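Here are the chains, one letter per residue:
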Amino acid sequence: MSIPHNHQLTKQVVSHFKLSLSCHCGTTLRQTLWGICVLAGWIMTPAYAQSSWQTAADSSARFLADGDYTNAYRKGLQAALLEKPVQQADSVWLAVSLLARRLPDSAAVTTALKAGQYYVAQYEYDRALTYIQRSLQKSDSLHLPQYQLQARLIAARVAIRKQDVDKAKSLYRWVLRDTLARVCMDCQVDALIGLASLYVGTRPDSSLIMVRQGMATLQQIPNYQKSQYYPLIHGVLAQVAAVSGDLTTAIQEIDESYTSAKSIMPDNPLLTGIAFMYAQIMGDVNDEKALEATRTARKLLNRQSTSRKHPYYCRLLNNEIGLLRVLGRNPEAVLLADSIMQRHSLDELMSLSGSDLLLSQITRSYIEAKQDGNLDQIAQKAQQLLTLNDHKQLNPSFLYSLLGRYYQYKGNYTEAVRCLKEEARLDSLNMGATLVNYSLVNRLAVCQAQAGQRSDAYTSFSQLVSAFDRDIRTNLWLMSDAERDNYLQTTVISGLFWHLLRRSDPEPNEIGLAFDYKLLQQGVRLKMNRTINRFTHTRNQSDSSMTTVRQLMNVRMQLADQRMATQSAAHRQLQQTADSLERLMGKDAITLDNTLKTVHWQDIRNRLKPGEAAVELIWYTTFSRNGQTADSGAYSAFLIRPEWATPKVIQLVTPDDQTNDFTGEKLAASREPTYYTSVIFSRTNQKKRFTQFWQPIATALGPVKRLYIALDGQYQQLSLPTIQNPVTGRYLTDDMDIVVLNSTQDILEPPSRSSNRTAELVGHPAYSLVHSAAKKPGQPTRQRRQVTTRNGLTFEELPYSKVEVQQLSGLFTSFNLQPRLRTDEAASESAFQQMKSPRLLHVATHGYLRDPSTQLASNQLLTCGLVLAGAADTVRLKNQTDGILTGYEASLLNLHDTELVVLSACESGVGAYSEGEGINGLQRAFLLAGARSVLVSLWRVNDQLTQQLMTDFYRYWLTGASKSQALHKAQLNLRKQHPNPYYWGAFVLVGQ
C-alpha cells in the first residue's frame, strides 16, 4: 500500500539524486537513478551492474512519480547498493535515507545499516561509522535491540579494519552479553567467530573454546552446513591449529573450510579470505593446491573496482609470485612482477596494504632472473625511505630485508649482514625470542659465511639445526606421506653444507654440526613410516587401525591403476582419501615419538668397535658467488673411527656428463651385456672408480676390517664390491666387510632375530592368467615367450626363476624354515597382501622403473614395481588387483619383523633420487614396509647366474655368516667362473 504523496520530499530526493550526477549525463530523475551503483561488498561486473542501474532507475522513477514511496524506496535502495564513485554515493545514500522517512520507523534503521555495510565494503570506514552510529541511535530510541546487535557487529568489523583490536573485542563482548543474542543465534555465532579470530595469535586456547562454542551454537540451526558461518568456523579452527604447530589438523580444517565455501558461496567475497588462508596453510605441503587457491581468490577480488584497497590485494599477488618461484616457474613470476610494476608507480605500490611482502617477492624473482632494472629502482627507493625515516605504512624490517637480499645479490655481503641483523632485531620485537624465522636466519647465516664472519655463521646455522630438530618432532607425525615429503623438502637449511664443508680448513665444530644435520635430515620419513607401519601391524587385528590399513591398501591399489589419469577428479579424490588415512595412522602412532630421538655423530663413533669405521656420503647444492642456487651439486664424505676425537670430511669428485659411466648412472638406460663388460667395467672406468672415489676415502681412513657406509646421490648407483684396486687387482670386499646403510645412524638399531620361521618364495608368475587358463593340461610352457602388459611394457618368461624358488624351497626346509612357495597363478598381488611378516621374502620376477619425468605420478613409488600374475591382462581381477605390485602398494605390506627381502628382479635397486631420503625405488618401498635388509640388483643379469648366486648366498647366511659376508662369498664363487663384475656384481645389500 502506498503512502500519501509528499511533493516537498520528492523535490529533496530528486535534488540529491541530481547532485550525485551533476558531473555526468543529465538531470532527469530516470538518468539520476540510473547512475546509482555499488553493492556493499558483494560484487557485480560492470556490464551486469549497468543493466541493473537502468532497470532500478526506471522502476524507482515511476513509483516516485506516482507517490508510491514504498516501492520507490525499494527500487532506490536496490540502485543505491550498486557500484559508483564515493562522491556520488554520499548523495545517493542521503536521498534514500530521505525516502526512508516516509516508511515505518524500522526502514530508517535498515537504511543506515545497509549504508554502513556499503561503506565498509568500499573501505570508507569513517563514513561507515557515521551511518552505523545513526543506526544505533535510531534503534535505541525505537527499542529495536536486534538492529543494535547487527550495528555493533558491523562496527566491530570496522574496528578490525582500522586495527583497533580492543574496540572490536569490546563490541563482540557486548553482543554476547546481550540477552537477545542468545535467541539470535546468527548474531551469537558471528560474535564468537569474530572474537575467536582476534585471540588466535595471543591466546589460542581461548580462541579454540570460543570457536567450538560457535560451532555448537551453529549446529542448532537447521541446515547449518549450508550457512556461510560453517566455512568461517573451520577457517578459525585451522588458524588455531596452525598457530599451535598442529599442521595436520590445520590442513584438515582449512580443506573443509575451503571446500565448503566453494560449494556454499562460490561468488561471495568471503571466499577470497578463505582461499587466501587455504593457500597460506597448504603452501607448507602442496604448492600446486596453494597456487590454485590463490588464483581463485585473485579472480574473485578482481571483480571489485576497489580491489586495490582490499587488504589481500598485495598479499595474493605476493603468494602467487612466491608459489611460482617455488614451483620452478620463475619466468611466469617475472611476467607477473613486470605487470605489477607497469600498473603501479613505486609510491602507489608502497602505499598499499601488504606491499612490503609483495615487493620482497618481486625483488626475489628479479634476482633469480638477474634483471637489474626494476630491482635497482626498488632498492634505491627502500634506501631513501630508511634514510629519511619516511616509512609511511611500510614495516622498516621489510625494507632491511629487501636491501639485505639486494646487497647479497650485488656481492656486498658486509652490508647485507648489517641489514639482515637489523631485520632480525626488529622481528624479534614482534615475534618474540623463541620463534625462529627460518628464511631470515638462513639468509643471515649464508651472508655471514660469505662475508667471512665464520663464528657468527656457525652460530646462526646451529640455531637453524636446533629449530629443525624441534619442528620435525612437532609436525611430521600428523602428516600424510606426501605432506612429509613436501615439508622436509621445503625446510632444508640452504647453504649449510656448502659454506661449512667446502673450506680448505673446516673447524671440528663446523664438521660436527654439518654431520649432525645430515643425520637429522637423512631418512627421517623412512624411519617414521617404518615406525607407524610397525605400530599399526602389531596391534590387535580386529583393531580399527587394521581397518585403516585395509582401506589405505585399497586406495593405493586404485591410485596405482595406470589407466587412471593422474589429473582427473577421481584421482585427486583418491589421493585426498589416502592422505587422510595416512594422517590417521600417524595420529594413532604418535605415542612412539621417542623413536625419533636426536642422533649425534658421537653416538655413531661410540658404537663402532676397533677396526671398524663409518662413512656418510653427502650430496649438496652448490652456490654461485652472489648466493644464488647453481644447477650442479658437490659431494663430500664424513669419516669416523672409534679412536678419533672428531670426524673428518673429504671432498669427492662430482660426476658430470663425461663421467656418467664412472658412477653407473646409465645402468638403467642400457640393457646390453657388452655395454657393462666393455664400458662400465672397462679398465679405464675401474681405475676412475678407485682413484677418484675410493682412494681418497681409503687414504683418510687407513686400514679397516668392517666399513659401514651410507651412499648419496649418483653414488647410490654404485656397486661397491665391483671397485677394483688397479695396482693389486683386488676388489674392495676382498679386504674388508662392507655394510651399505641408508644412513650411518642405522648401526644404532639393536640387532634382532625374527622368531618367525616362515620363508615366502614368489617366482615365475603367470603374466597372463587368460593364457594360463586356456592352456591344456600337460601342455609345455613356451620358453622365452614375449608378454606385453597393458602398460606397454614387454617381459620375457624367466624359466630359471621357477627353478630358483623351487631349489630354495628345499634348501630352506633343510634349515628348519617353513617355505611357502608361490609360483605361476599363485605368484599374485593378493599373495603379498596376505603375508604376515615372514622371516624372509624372496621374489624372482621382473621389476620395472618408469621415467618419473614422463609419469605424472603423485608419488615416486608409483613409477616402480614388480610384475606378477595377471600383469599382461587388460582387465582387473575379481579381487581388484591388476598383476602389478607398485612400490607405493608394497610400502604398506606387513614386513615389520622380516629380516631380509631379496628382490631377485632386474634393476630392482634403481629409482629416482630424493635428497635426504635416497633412491625412491623398490628397495625403499620394502624398507618402508619394515624389512631390515633388502637385496636388490642394479642392472639386468642372467637368471641362471642369479639362481646360482642366490642359492650360495642363502647357504652361507643360514650357516652363520652375516648377510654382507654371505653375499661376498656367493659373489666370489660366481667370480671364479665369470671374472667380469657385470656377471656377479649386480646385487647390493642395503640395511642391517
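Residues numbered from 1 in each chain as written. Predicted model: local features only at pLDDT ≥ 70, side-chain atom pairs only at ≥ 80, totals over all residues. Heavy atoms only, no water.

A. Layout of the overall build of the protein chain. For the protein chain, the helix and strand inventory stands at 43 helices and 18 strands. Looking at the 992 residues of the protein chain, the share that counts as buried comes to 58%. Considering only contacts in the protein chain between residues 6 or more positions apart, those separated by 24 or more positions represent 71%. As displayed, the protein chain offers around 41100 Å² of accessible surface, 50% of which is attributable to carbon and sulfur atoms. (Helix = DSSP H or I, 4+ residues; strand = E, 2+ residues; numbered from the N terminus. Buried < 20%, exposed > 50% of the residue type's maximum accessible area, 1.4 Å probe, protein only. Contact = heavy atoms within 4.5 Å. Areas by Shrake-Rupley, 256 points an atom, 1.4 Å probe, with all protein chains shown as cover.)

B. How the structure looks around the packing of helix 24 (residues 454-475) against helix 27 (residues 508-521). With their axes 11 Å apart at the nearest point, helix 24 and helix 27 run at an angle of 20° to one another. One element, helix 24, and the other, helix 27, form an angle in the roughly parallel class. With respect to the hand of their crossing, helix 24 and helix 27 are arranged in left-handed fashion. Here Arg454, Tyr458, Phe461, Ser462, Val465, Phe468, Asp469 and Ile472 of helix 24 lie close against helix 27, whose contacting residues are Asn509, Glu510, Leu513, Tyr517, Leu520 and Gln521. The residue inventory of the contact of helix 24 with helix 27, partitioned by class, reads eight nonpolar, three polar and three charged. (Axes fitted to C-alpha atoms, helices over the stretch in contact; angles between N-to-C directions. Parallel < 35°, antiparallel > 145°, perpendicular 65-115°, else oblique. Left-handed = near helix turned anticlockwise from the far one by under 90°. Nonpolar A, V, L, I, M, F, W, Y, C, P; charged D, E, K, R; others polar.)

C. Just the sheet that holds strand 13 (residues 884-886), in detail. The strand order across the open sheet built from three strands is 11-12-13, with neighbouring strands paired in antiparallel fashion. Two strands in the sheet have a free side with no partner beyond their single neighbour: strand 11 (847-849) and strand 13. Going across the sheet, the axis of each strand differs from the next one's by a mean of 30°, ignoring polarity. Pairing between strand 12 (residues 864-867) and strand 13: three bridges, direction antiparallel. Opposite leucine 866, over in strand 13, you have leucine 885 as the bridge partner. (Pairing = 2+ DSSP bridges.)

D. Focus on the nonpolar core. Formed by 218 residues in total, the largest nonpolar core has its most connected members in Ile362, Leu617, Phe693, Ile697, Phe832, Phe926 and Tyr954. Tallying contributions element by element places helix 14 (residues 270-282) first for this core, with nine residues. Apart from the residues lying within four places of it in its own chain, the contact partners of tyrosine 954 are Leu808, Leu811, Phe812, Leu840, His842, Leu900 and Val902. Membership of the second largest hydrophobic core comes to 62 residues, among which are Trp93, Val109, Leu149 and Leu198. (Core = buried A, V, L, I, M, F, W, Y, C linked by side-chain atoms within 4.5 Å.)

E. Highlighting unusual backbone geometry. The phi dihedral of glutamine 163 falls on the positive side, at around 60°, and the residue is not glycine. One can find glutamine 163 in the loop between helix 8 (145-161) and helix 9 (165-177). Positive phi values are uncommon outside glycine, yet lysine 370 reaches one of about 60°.

F. Seen up close, the pattern of salt bridges. Per the counting criterion, the structure on display carries 31 salt bridges. Here arginine 641 and glutamate 643 are joined by a salt bridge, their closest N and O atoms 3.0 Å apart. A residue is classified by how much of its surface remains accessible, and arginine 641, at 9% relative accessible area, is buried. Each of Arg295, Arg298, Glu320, Arg329 and Glu332 takes part in salt bridges that share partners, so that together they form one network. (Salt bridge = Lys/Arg side-chain N within 4 Å of Asp/Glu carboxyl O.)

G. Here's a closer look at the pairing of strand 10 (residues 840-844). When you tally the buried positions in strand 10, you get five out of five residues, the bulk of the element. Burial along strand 10 is two-sided: Leu840, His842 and Ala844 facing one way and Leu841 and Val843 facing the other are all buried. As paired strands, strand 10 and strand 14 (residues 900-903) are joined by four bridges and run parallel to one another. By the bridge assignment for strand 14, leucine 841 is matched with valine 901.

H. Molecular detail of the packing of helix 14 against helix 16 (residues 313-326). Contact pair helix 14 / helix 16: the axes reach a minimum separation of 11 Å and the direction vectors enclose 35°. Considering only the axes of helix 14 and helix 16, their crossing is left-handed. Of helix 16, the residues touching helix 14 (which contributes Thr272, Phe276, Ala279 and Gln280) are Arg315, Leu316 and Asn319. Partitioned by chemical class, the residues of the contact of helix 14 with helix 16 number three nonpolar, three polar and one charged.

I. Spatial organisation of the side chain of arginine 641. Following the sequence through the fold, arginine 641 ends up in the loop between strand 2 (629-640) and strand 3 (648-652). Within the local environment of arginine 641, its side chain forms a polar contact with the backbone oxygen of proline 703, the two atoms lying 2.9 Å apart. (Polar contact = N/O pair within 3.5 Å; in protein donor to acceptor, adjacent residues only side chain to side chain.)

J. Fine view of helix 7 (residues 125-141). If you check helix 7, its first and last C-alpha atoms are 24 Å apart, about what 17 residues at 1.5 Å a residue would give, namely 24 Å. Every buried residue belonging to helix 7 is among Tyr125, Ala128, Tyr131, Ile132, Ser135, Leu136 and Ser139, and all of these are buried. Viewed end-on, helix 7 has its buried residues packed into an arc of 145°, placing them on one side of the element. Turned more than 90 degrees from where helix 7 packs its buried face, Asp126 and Gln137 sit exposed. Within two residues after helix 7, histidine 143 carries a phi angle of roughly 60°, on the positive side. (Expected span 1.5 Å × (residues − 1). Arc of directions from axis to C-beta.)

K. Region of the structure containing the environment of serine 480. Note that serine 480 resides in the loop between helix 24 and helix 25 (481-490). Taking the relative accessible area as the measure of exposure, serine 480 reaches 0% and is therefore buried. As for serine 480 and glutamate 582, which are separated by 102 residues in sequence, their C-alpha atoms are 4.9 Å apart. Apart from residues no more than four positions distant in its own chain, serine 480 is found in contact with Asp579, Glu582 and Arg583.

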